[in-house]
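Listed here are the chains, written in short residue letters.
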Amino acid sequence: MNDEALARAVEALRGATEVAVLTGAGVSAESGVPTFRGSGGLWRGRRAVDLATPEAFARDPTLVWQFYEERRRNLEPLAPNPAHRVLAAWQDRFPAYTLITQNVDGLHHAAGARGVLELHGNIWRVRCTACGLEREDRTVPFPALPPRCAACGGLERPCVVWFGENLPEDAFEAASRAAATADVLVVVGTSAVVYPAAGLVTMAAHCGATVIEVNPEPSALAGEATVLLRGPAGVVLPELDARLFGGGKGDGG
Ligand code: BV8
Ligand code: ZN
């Protein structure tokens, strides 16, 4: 990891009043969660993008639930990694701090982060397609698929945002405001190919934010970044934290 880039990132964050962070699947990679577009992105030969749609669910709700149930089962034993812990600790380190995620795994919350803006929903919540009743559910595995609403017997779906579906308005509005006013936007572990979430990076850059990209590979929006920190989030973020706040190495402060 380039020391000069790290020093520039530390300088930008040290002087920042408003800090926003946008994370993608890469922040959970070191917890053992497969990323979408990496080698683990296939399921029974199908791409996530073909299963994460309302059409796929309408066509075969049981198959789509099998995809989500397997992810829930795989997720259940996994824990936040040092990157999640640093991003949770930073909520008390900056005057204004907004943590925005595209992930549905709930690991930022598990690391102690509060008020996380979950742009694509949460895999541990389900919603009735008939009456809209929403609830948290951590049953693994479900006794029968697809789960049925206790109130009306309707089909329940995962509370995640599928392709072609709108993002939760309040979360996306709050994320847009944070991106537009941020002094620094830290973009962690996203390929930046999914919109409108990826658009937050361009918005922040155009509104004058310093954009810091934390990713072993260049994202599609690396060109918008001011500083590129080429490395895994679980190493880079604890290093940034140590230089900024003298945090314990890798334990997230
Ligand atoms: C919308 C929840 C209308 C589900 C997800 C044609 C038809 C229909 C729609 C479209 C279309 N063309 C474009 C669109 C829009 C579409 C879209 O963007 N498609 C893409 C594929 C082109 N978007 C939508 O449909 C959105 N809705 O547009 O509605 C609308 C329009 C305007 C305004 C309002 C509404 C809905 C998108 C949400 C889809 N749901 N997830 C589920 O999880 O099952 S998206 C899914 O992709 C996940 O949420 C994931 O987070 C997200 C993005 O992927 P990444 O997080 O970036 O993960 P990825 O694997 O790609 O990359 C991992 C990165 O980590 C890599 O860069 C890697 O290098 C890095 N990495 C690896 N290891 C590490 C690491 N980094 C750091 N440390 C490491 N150790
Ligand atoms: Zn119902």
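Scroll up for the structure.
In what follows, the accompanying structure is described. (Residues numbered from 1 in each chain as written. Chains lettered and ligands numbered in written order. Predicted model: local features only at pLDDT ≥ 70, side-chain atom pairs only at ≥ 80, totals over all residues. Heavy atoms only, no water.)

This part takes up the overall build of the chain. Regarding its fold elements, the chain presents nine helices and eleven strands. In terms of overall size, the chain behaves like a compact globule, its C-alpha atoms giving a radius of gyration of 18 Å where 253 residues would be expected to give roughly 18 Å. Burial analysis of the chain (253 residues in total) assigns 51% to the buried set. In the chain, of all internal contacts separated by at least 6 residues, the share reaching a separation of at least 24 is 66%. Each charge sign in the chain was given a centre, from 23 positive and 29 negative side chains, and these centres are 4 Å apart. (Helix = DSSP H or I, 4+ residues; strand = E, 2+ residues; numbered from the N terminus. Rg over C-alpha atoms; globule rule 2.2 N^0.38 Å. Buried < 20%, exposed > 50% of the residue type's maximum accessible area, 1.4 Å probe, protein only. Contact = heavy atoms within 4.5 Å. Lys, Arg positive; Asp, Glu negative; His and termini not counted. Charge placed at Lys NZ, Arg CZ, Asp CG, Glu CD.)

Moving on: the coordination of the zinc ion (ligand 2). Note on the zinc ion (ligand 2): its protein donors are Cys 128 (SG), Cys 131 (SG), Cys 149 (SG) and Cys 152 (SG). The metal-donor distances range over 2.3 Å. Metal-centred angles of 100 to 120° between the four donor atoms at the zinc ion (ligand 2) mark the site as tetrahedral. Site description for the zinc ion (ligand 2): donor spacing in sequence, C-x2-C-x17-C-x2-C. With Cys 128 in strand β6 (residues 121–128) and Cys 152 in the loop between β7 (134–136) and β8 (156–160), the pair connects residues that are 24 residues apart, well separated along the chain. The class for Cys 152 is partly exposed, based on a relative accessible area of 42%. (Donors = N, O, S within 2.8 Å, 3.2 Å for Na, K, Ca; no water. Tetrahedral: all angles 85-135°; square planar, octahedral: opposite > 155°, others 65-115°.)

Once that is clear, we can look at the sheet that holds strand β5 (residues 117–118). Spatially, β5-β4-β1-β9-β10-β11 is the arrangement adopted by the six strands of the open sheet, whose pairing is parallel. Of all the strands in the sheet, the pair left with one neighbour each is β5 and β11 (227–229). Where strand β1 (residues 18–23) and strand β4 (residues 96–101) come together, six bridges link them in parallel fashion. Of the residues in β4, the one forming a bridge with Val 19 is Tyr 97. Sitting on the sheet, helix α8 (residues 199–206) is in contact with β1, β4, β9 (184–188) and β10 (210–214), with an inclination near 155° to β9. (Pairing = 2+ DSSP bridges. Axes fitted to C-alpha atoms, helices over the stretch in contact; angles between N-to-C directions.)

Read these as spatial facts, not as claims about activity.
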